[in-house]
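Okay, here's what each chain looks like letter by letter:
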Amino acid sequence: MEKAIKKWWPLFVLPTMAAFAIGFLVPFVWGLYLSFCNFTTINDAVFTGLENYVMAFTDPSSVFTHALWYTALFSALSTVIINLLSLTVAILLVRGIRGTNIFRTVFFMPNLIGGIVLGWLWQVLINGVLEKYGVTIVTNEWYGFWSLILVMTWQQLGYMMIIYISGLQSIPEELSEAASIDGANAWQTLRHVKLPMLMPSITICTFLTITNGFKLFDQNLALVGQNSPNSQLMALDIYNTFYGRTGWAGAGQAKAVVFCIIVVAIALIQQKLTHSREVQQ
Amino acid sequence: MKKISALILALALALTCVSFASAETGSVYYLNFKPEQAQQWEELAAQYTKETGVPVTVVTAASGTYEQTLQSEIVKEDAPTLFQVNGPKGLATWKEYCADLSATKLYENVKSDDFVLKQGEEVVGIAYVIETYGIIYNKDLMAKYIALENAKIKDVAEINTFDTFKAVVEDMQARKDELGIVGAFTSAGMDSSSDWRFKTHLANMPIYYEYKADGIGDTAAIKGTYLDNYKMIWDLYINNATCAPSLIGAKTGSDALADFVLGEAVFYQNGTWAYGDCINEGMTDEQLGMLPIFIGVEGEENQGLCTGSENYWCVNKNASEEDKAATIAFLEWCITSDTGRDAIANKMGFLTPFKSFDDGYVANNALIAAADEYIAGGKTSVSWNFPTMPSETWKNGVGVALLNYAQGTGNWDAVVTAFVDGWAAEAAAAK
């Protein structure tokens, strides 16, 4: 048996590898190459060296630096809020209260709606409320900011909740039992028993929320659109650079590469930080 | 392993056969820009296939995503054979992809070279629809206003300068309860479904007058000579509308249309393409009129409506010879056959620049009729200069500044900066 696997593993890996190569590796390498080219479509690229990177950082209209800190702030804040809330909800929903399944379903549902649709729906709702005060979501960047936080929390809470629930359920009963015999109260059990055991889930959830925050695009586009450049996150700024001028697709591509490096670096640091606190059962 | 490679080979072979088979007769793939006419194009394509056997595929890009769709479609094996650009700036992006159309019946039929895009001697783009915009007004409400005591005008023809227009608008706004309206103007929505009416179409007015005064047709540095006039008309729009100026950031194109068709507003800046929407919502031909956009420039009594095109057909140079021939044949059929002309003029409601439509195929569109009246009355049409705007980024910059000014988070100087300095910066940045 083992011998057969050794011999045949390339065949079993093939479908996944093919999908990974087609869907990720090839576009990624191609995209990297395009960031050094002048192009209209991906087939007519002409190599121009670092020109695009120079353009990207000297873009006369760009809000790239604003977008950078605005995105970082959004990402940090949404990570904290989403994880705190979803963990709270998860803890409440593993207690076996009546209607647990209904609650879990309801909290999870917003995830099933596409980002653009969700953005439009919330834009109408939020503008409807703000109209009473004579302002709109694009009046200044903070209306857009808090709307984004609200929408993203609403959407991602359920998804993170599911991960936390499964994490909580996988903690062996004996541990909580032993803790209570030793006289630990609920808070102490949570702090010193459950949270350390939950670290793998926390690693996953913080990773997802941080990267989602950074690469958020569709909700941003639908909620604030083009007329509030100060509420634009990095992904939308890249999109605008790409399509905003004739001959600037390469500069947009260069920004995307810079952006990618930043997000990968942050995600790696986060992984290292939370991973080191995971405990083995 | 052998079996699998054999299977893959067989599949690859089958695929090449399929692509060869379609290449022999040639086929047409039209990437359509106008969602309003998507269905009519599909019907026309089906009819052509039925008559000639040549397959015609029509794909319509979602509103506002044409460039993106074209960019990804054109690199495919089955790329669009027929696509469109919006004018000189669009052509700059796609010039490597446009075939020469000078030896076609299409070009033979064009009434003047004003309607084609040239690259040296080559004709690379041909306009297929001429459109007109201005201030659409509700004739019933206008008549009701004129009937009021002390109305500022006795006849709508008296509105031939900005000052008269302003007096009428402000009087209407003041007496909105008597008229049963919410505001003189529909909301000047700055949502992306509506903001192009102001950052592109309205911005054409100061550009037109500046080009005219300087005797030029394009520039790398706009001076902004007529920006005070731009401010006057923008102030008029936002201060006499169905909503407070601070709320326009949330208003959409549909909001403005609703204001107009429900009779809550008298004036609605838009163009001949809005005819279908107005009729579908229950308005009648008798209710629709169109006024020029007066901005208070000397001699504007003779100004007409804004007429031009930003829809040029281009045939994909990189398509196979058969497909190119098939595409040109399809277009020639569209503008010369009875079926094609009927569909374009009557079903799509397009006014075309082609001679072949002169014998009886004139669009039945009250707004086009209004435009024709101005031309017949000896008024000078305002040309469309917005295709010379340096980039989308420039338009966005002006849009943002207009919005900030309206909602009180910015001042007019920012609009001037975005307009003048932004133009120079964008013209320098564009390649």
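Analysis parameters
- Residues numbered from 1 in each chain as written.
- Chains lettered and ligands numbered in written order.
- Predicted model: local features only at pLDDT ≥ 70, side-chain atom pairs only at ≥ 80, totals over all residues.
- Heavy atoms only, no water.
- Helix = DSSP H or I, 4+ residues; strand = E, 2+ residues; numbered from the N terminus.
- Buried < 20%, exposed > 50% of the residue type's maximum accessible area, 1.4 Å probe, protein only.
- Contact = heavy atoms within 4.5 Å.
- Areas by Shrake-Rupley, 256 points an atom, 1.4 Å probe, with all protein chains shown as cover.
- Buried area = accessible area lost by both parts, 1.4 Å probe.
- Salt bridge = Lys/Arg side-chain N within 4 Å of Asp/Glu carboxyl O.
- Polar contact = N/O pair within 3.5 Å; in protein donor to acceptor, adjacent residues only side chain to side chain.
- Phe/Tyr/Trp six-rings, centres within 6.5 Å; stacked < 30°, edge-to-face > 60°.
- Lys NZ or Arg CZ within 6 Å of the ring centre and 35° of its normal.
- Domains from an automatic or database assignment.
- 1 Å grid on protein atoms, 1.4 Å probe; cavity = no way out; pocket = protein on both sides within 12 Å on 5 of 7 lines; lining within 4 Å.
- Points joined across faces, edges and corners; volume = space filled by probe spheres on them.
- Axes fitted to C-alpha atoms, helices over the stretch in contact; angles between N-to-C directions.
- Parallel < 35°, antiparallel > 145°, perpendicular 65-115°, else oblique.
- Nonpolar A, V, L, I, M, F, W, Y, C, P; charged D, E, K, R; others polar.
- Arc of directions from axis to C-beta.
- Core = buried A, V, L, I, M, F, W, Y, C linked by side-chain atoms within 4.5 Å.
- Pairing = 2+ DSSP bridges.

Draft legend 1. Structural detail: the overall build of chain A. Helix and strand content of chain A: 11 helices and two strands. Taken from N to C terminus, the helices and strands of chain A fall in the order α-β-β-α-α-α-α-α-α-α-α-α-α. Over its C-alpha atoms, taken along the principal directions, chain A stretches across nearly 70 × 70 × 30 Å. Relative to its 281 residues, chain A shows a buried fraction of 44%. Sequence separation of at least 24 residues holds for 72% of the intrachain contacts in chain A that already meet a minimum separation of 6. About 15200 Å² of surface is accessible on chain A, with carbon and sulfur atoms providing 71% of the total.

Draft legend 2. Broad picture of the interface of chain B and chain A. Facing 32 residues of chain B, the contacting portion of chain A comprises 31 residues. Approximately 2700 Å² of surface area, both sides summed, lies buried where chain B meets chain A, with 54% of it carried by carbon and sulfur atoms. On inspection of chain B and its partner chain A, the count reaches one salt bridge. E426 of chain B serves as the salt-bridge partner of R245 of chain A, at 2.3 Å between the closest nitrogen and oxygen. Applying the counting criterion to the chain B and chain A interface returns 12 residue pairs in polar contact (both at pLDDT 80 or more). Looking at the side of chain B that touches chain A, the elements with two or more residues in it are helix 3 (66–73), helix 4 (88–94), helix 17 (392–407) and helix 18 (412–429) of chain B.

Draft legend 3. The packing of aromatic side chains, seen in detail. The final tally for this structure, using the stated rule, is 51 aromatic pairs over all chains. Ring centres of Y133 of chain B and W273 of chain B lie 6.5 Å apart, and the angle between their planes is 55 degrees; this geometry places the pair in the tilted category. Note that Y133 of chain B is positioned in strand 6 (residues 131–138) and W273 of chain B in the loop between strand 8 (265–271) and helix 13 (275–280), a separation of 140 residues in sequence. Taking NZ or CZ as reference, R245 of chain A lies 4.2 Å from the ring centre of W248 of chain A, over its face.

Draft legend 4. Representation of the domain arrangement of chain B in the model. Looking at chain B, the domain boundaries give domain 1 (2–130 + 309–358) and domain 2 (133–305 + 388–429). On a C-alpha basis, the centres of domain 1 of chain B and domain 2 of chain B stand 34 Å from each other.

Draft legend 5. Main features of the side chain of T79 of chain A. Tracing the backbone shows T79 of chain A in helix 3 (residues 64–92). Not counting chain neighbours up to four residues away, the residues in contact with T79 of chain A comprise T206, T209 and I210 of chain A.

Draft legend 6. Region of interest: the environment of N138 of chain B. Residues and elements named next belong to chain B. Here N138 is to be found in strand 6. Here N138 falls in the buried class, since its relative accessible area comes to 4%. Along the sequence, N138 and A376 sit 238 residues apart, while their C-alpha atoms lie 22 Å from each other. Dropping the residues within four chain positions of it, N138 is found in contact with F260, G263, V266, M283 and Q287. Only 3.0 Å separates the side chain of N138 from the backbone nitrogen of D140, close enough to count as a polar contact.

Draft legend 7. Local environment of helix 3 of chain B. When helix 3 of chain B is considered as a whole, its buried residues turn out to be Y66, Q68, L70, Q71 and E73 of chain B. Buried residues along helix 3 of chain B sit against helix 10 (234–244) of chain A together with strand 1 (28–32), strand 3 (82–85) and helix 4 of chain B.

Draft legend 8. Up close: empty space enclosed by the protein. In total, this model carries one cavity of 30 Å³ or more according to the counting rule given. Each pocket or cavity is described by its volume, and for the largest cavity that value is around 40 Å³.

Draft legend 9. Spotlight on the packing of helix 2 (residues 38–52) of chain B against helix 15 (residues 338–347) of chain B. Residues and elements named next belong to chain B. Two elements in contact, helix 2 and helix 15, have axes separated by 10 Å at closest approach and are oriented at 175 degrees. The angle between helix 2 and helix 15 places the two elements in the roughly antiparallel class. Where helix 2 abuts helix 15, its residues Q40, W41, L44, Q47 and E51 lie against T339, G340, A343, I344 and K347. Partitioned by chemical class, the residues of the contact of helix 2 with helix 15 number four nonpolar, four polar and two charged.

Draft legend 10. Seen up close, the environment of A319 of chain B. Residues and elements named next belong to chain B. You can see A319 is positioned in the loop between strand 11 (312–315) and helix 14 (321–336). Since its relative accessible area comes to 15%, A319 is described here as buried. With 241 residues separating them in the primary sequence, A319 and D78 have C-alpha atoms 8.6 Å apart.

Draft legend 11. Expanded view of helix 6 (residues 139–147) of chain B. All names here are of chain B. Every buried residue belonging to helix 6 is among L141, M142 and Y145, and all of these are buried. Viewed end-on, helix 6 has its buried residues packed into an arc of 100 degrees, placing them on one side of the element. On its buried side, helix 6 packs onto strand 6, helix 7 (162–174), helix 8 (176–179) and strand 8. With a side-chain oxygen lying 3.0 Å from the backbone nitrogen of D140, the N-terminal cap of helix 6 falls on N138.

Draft legend 12. View of the pattern of salt bridges. Residues and elements named next belong to chain A. One pass over the full model with this rule turns up 20 salt bridges over all chains. The salt bridge involving D59 is made with R245; its shortest N-O contact spans 3.0 Å. Taken together, the positions of D59 in the loop between helix 2 (51–58) and helix 3 and R245 in the loop between helix 10 and helix 11 (249–275) put the pair 186 residues apart, joining distant regions of the chain. R245 shares its class with D59; the two are buried.

Draft legend 13. A look at the environment of T79 of chain A. Judged by relative accessible area, which is 8%, T79 of chain A ranks as buried. As for T79 of chain A and T153 of chain A, which are separated by 74 residues in sequence, their C-alpha atoms are 8.9 Å apart.

Draft legend 14. Local environment of the nonpolar core. All names here are of chain B. Counting 103 residues, the largest nonpolar core has Y230, W234, F267 and F419 as the members making the most contacts within it. Look past the residues within four positions of Y230 in its chain and what remains in contact with it is F198, K199, L202, A203, P206, V398, L402, W412, V415 and F419. By size, the runner-up hydrophobic cluster in this structure holds 36 residues, among which are W41, V56, L331 and I335.

Draft legend 15. Spotlight on the pairing of strand 11 of chain B. Residue and element names in this part refer to chain B. Side chains Y312 and C314 project from strand 11 onto one buried face, and the interleaved W313 and V315 project onto a second face that is buried too. Taken together, the four bridges between strand 3 and strand 11 define a ladder with antiparallel strand orientation. Following the sheet pairing, L82 is matched in strand 11 by V315. Pairing between strand 5 (residues 122–127) and strand 11: two bridges, direction antiparallel. Each residue of the ladder has a partner; that of A127, found in strand 11, is Y312.

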